[in-house]
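Each chain, letter by letter, is given below.
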Amino acid sequence: MEKVIRDGHVAVIISNGYGAGWSTWHWGDNREILIFHPKLVELVESGQHNRENVAAILNELLDKEEAEHIYLGGVENLKVQWLPEGTKFRIEEYDGAEYVISEYSLDMIA
């Protein structure tokens, strides 16, 4: 999977607005595309991540059936979060607002 890496950090796309998750609401096999793909990162960073533009990129990257099943309700809330390269993480969501849980944010030890 292609990723955007700058200064030792990897771009991770999440939706931080309530109502609709981005990658967490997708059950297909290509979830990594939604999280890492350079074309989507570029779109989010440029502030041009509206439904029409995101749908056009997804139609280019995915097969038609999978692209049609991606919920685009939260695309206006997408943002790029930068994680140190090699960080183990997962994306969680509450009511559509996504956040990153990483090995560095785990503060409890049994």
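Scroll up to find the structure this text is about.
Residues numbered from 1 in each chain as written. Predicted model: local features only at pLDDT ≥ 70, side-chain atom pairs only at ≥ 80, totals over all residues. Heavy atoms only, no water.

(A) Up close: the overall build of the protein. The secondary structure content of the protein amounts to four helices and five strands. The helix and strand sequence of the protein, counted from the amino end, reads β-β-α-α-α-α-β-β-β. Summarising its shape, the C-alpha atoms of the protein cover approximately 45 × 30 × 25 Å along the three principal directions. Expressed as a percentage of the 110 residues in the protein, the buried residues total 42%. The long-range fraction of contacts in the protein, counting pairs at least 24 apart against all pairs at least 6 apart in sequence, stands at 67%. (Helix = DSSP H or I, 4+ residues; strand = E, 2+ residues; numbered from the N terminus. Buried < 20%, exposed > 50% of the residue type's maximum accessible area, 1.4 Å probe, protein only. Contact = heavy atoms within 4.5 Å.)

(B) Region of the structure containing the sheet that holds strand β3 (residues 78–84). Read across the open sheet, the three strands follow the order β1-β2-β3; overall the sheet is antiparallel. Pairing within the sheet leaves two strands with one partner each, and these edge strands are β1 (5–6) and β3. Summarising the sheet, β1 and strand β2 (residues 9–15) pair through two bridges and their orientation is antiparallel. Directly across from R6, in β2, lies its bridge partner H9. Along the sheet face, helix α2 (residues 38–46) touches β1, β2 and β3 and points at about 115° away from the line of β3. (Pairing = 2+ DSSP bridges. Axes fitted to C-alpha atoms, helices over the stretch in contact; angles between N-to-C directions.)

Remember, this is a structural readout, not a statement about activity or role.
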